[in-house]
Amino acid sequence: MQTSDLTLLGHSENRLPASPDEAKLETFPNCRPGRKFWITLDCPEFSSLCPVTGQPDTAHIVIRYVPGERCVETKSLKFYMASFRNLPSFNEEIVNRILDDLVTAMEPVEITVNGKFGSRGGIQLTCEASHPAS
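Here the structure is a predicted model, which means the values were calculated and not measured.

### Let's talk about the packing of aromatic side chains
Then, number 1: Applying the stated rule across the entire model yields 2 aromatic pairs.
Then, number 2: When the ring of phenylalanine 46 is compared with that of phenylalanine 84, the centres are 5.4 Å apart and the planes differ by 50 degrees; the resulting orientation is tilted. You can see phenylalanine 46 sitting in strand S2 (residues 39–49) and its partner phenylalanine 84 sitting in the loop between helix H1 (74–82) and helix H2 (91–106), a full 38 residues away along the chain.
Then, number 3: With a relative accessible area of 4%, phenylalanine 46 lands in the buried category.
Then, number 4: Using a relative accessible area of 1% as the deciding quantity, one classes phenylalanine 84 as buried.
Then, number 5: One aromatic cluster is present, built from ring pairs that chain together Phe46, Tyr80 and Phe84.
Then, number 6: Sitting over the face of the ring of tryptophan 38, arginine 64 holds its NZ or CZ atom 4.3 Å from the ring centroid.

### Brief notes about the side chain of aspartate 57
Then, number 1: Along the chain, the position of aspartate 57 falls in strand S3 (residues 56–66).
Then, number 2: Among the polar contacts listed, one links the side chain of aspartate 57 to the side chain of arginine 120, at a separation of 2.8 Å.
Then, number 3: Excluding its chain neighbours within four sequence positions, the residues that come into contact with aspartate 57 are Phe46, Ser47, Ser48, Leu49, Cys50, Asn91 and Arg120.

### A word on the environment of valine 66
Then, number 1: Locating valine 66 in the fold gives a position in strand S3.
Then, number 2: Under the relative-accessibility criterion, valine 66 is labelled buried at 1%.
Then, number 3: Contacts of valine 66, omitting those with residues within four sequence positions, involve Lys36, Phe37, Trp38, Pro108, Val109 and Glu110.

### Observations regarding the sheet that holds strand S5 (residues 110–117)
Then, number 1: Spatially, the 4 strands line up as an open sheet ordered S2-S3-S5-S6, and their pairing is antiparallel. The sheet terminates laterally at S2 and strand S6 (126–131), the two strands that pair on one side only. Adjacent strand axes in the sheet meet at a mean angle of 15 degrees when their direction is disregarded.
Then, number 2: Sheet topology note: the S5/S6 ladder contains 6 bridges and is antiparallel. Within S6, the position partnered with lysine 116 by the bridge is threonine 126.
Then, number 3: Along the sheet face, H1 touches S2 and S3 and points at about 25 degrees away from the line of S2.
Then, number 4: Sheet contacts for H2: S2, S3, S5 and S6; angle to S5, the most-contacted strand, approximately 155 degrees.

### A few points about the nonpolar core
Then, number 1: Judged by nonpolar contacts, the single largest core of 29 residues is most densely connected at Phe46, Ile61, Ile63, Tyr65, Leu77, Ile98 and Leu102.
Then, number 2: Breaking this core down by element, the ones donating at least two residues are S2, S3, strand S4 (70–72), H1, H2, S5 and S6.
Then, number 3: Top contributing element to this core by residue count: H2, with 7 residues.
Then, number 4: Leucine 77 has contacts with Leu25, Leu41, Ile63, Val72 and Leu102, leaving out every residue within four places of it along the chain.

### Describing H1
Then, number 1: Listing the buried residues of H1 in full gives Lys75, Ser76, Leu77, Phe79, Tyr80 and Met81.
Then, number 2: Two or three places before lysine 75, at the opening of H1, glutamate 73 has a side-chain oxygen 2.9 Å from that residue's backbone nitrogen.

### Observations regarding the UniProt feature "binding site: substrate" (unreviewed entry) in the chain
Then, number 1: Following the UniProt record, the feature "binding site: substrate" (unreviewed entry) maps to Val72, Glu73 and Thr74 here. For the largest pocket, the lining residues drawn from the annotated set are Thr74.
Then, number 2: Aside from chain neighbours lying at most four places away, what touches valine 72 is Leu25, Glu26, Thr27, Phe28, Leu41, Tyr65, Leu77, Leu102 and Met106.
Then, number 3: Mapped onto the elements, glutamate 73 comes out in the loop between S4 and H1.
Then, number 4: Glutamate 73 sits in the buried class, given a relative accessible area of 4%.
Then, number 5: A distance of 2.9 Å separates a polar side-chain atom of glutamate 73 from the backbone nitrogen of lysine 75.

So, how was this worked out
Residues numbered from 1 in each chain as written. Predicted model: local features only at pLDDT ≥ 70, side-chain atom pairs only at ≥ 80, totals over all residues. Heavy atoms only, no water. Phe/Tyr/Trp six-rings, centres within 6.5 Å; stacked < 30°, edge-to-face > 60°. Helix = DSSP H or I, 4+ residues; strand = E, 2+ residues; numbered from the N terminus. Buried < 20%, exposed > 50% of the residue type's maximum accessible area, 1.4 Å probe, protein only. Lys NZ or Arg CZ within 6 Å of the ring centre and 35° of its normal. Polar contact = N/O pair within 3.5 Å; in protein donor to acceptor, adjacent residues only side chain to side chain. Contact = heavy atoms within 4.5 Å. Pairing = 2+ DSSP bridges. Axes fitted to C-alpha atoms, helices over the stretch in contact; angles between N-to-C directions. Core = buried A, V, L, I, M, F, W, Y, C linked by side-chain atoms within 4.5 Å. UniProt positions renumbered as here; feature names shortened; annotations may be inferred. 1 Å grid on protein atoms, 1.4 Å probe; cavity = no way out; pocket = protein on both sides within 12 Å on 5 of 7 lines; lining within 4 Å.

Printed below as a string of structure tokens:
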């Protein structure tokens, strides 16, 4: 497997990107191209900022995808997800941004991003976005 393009894996990088624009989603070749199989990535400690109040928002983000030619490298995904922690953004925008960035980075066959955000004012919001759109 070719890993020479991976810059985070195996290195003791500890500086998180300041924003998703600065973060780099790294990918590696799919070991079974042409086979339909699902990869599930569970991110239970996601955080961002409310764009109105500036208060922290928390979420449990689940990413499920069928890879095409490439898979996302999980350390780069961890850094990418952490880069949202100081970003003021609505929950719906976050889920759709994650989906768009992952589609751009790895061109999966199918992908769904589900974000279950912590309650605010007694209402719990869950947002789900998929590609290709059904």
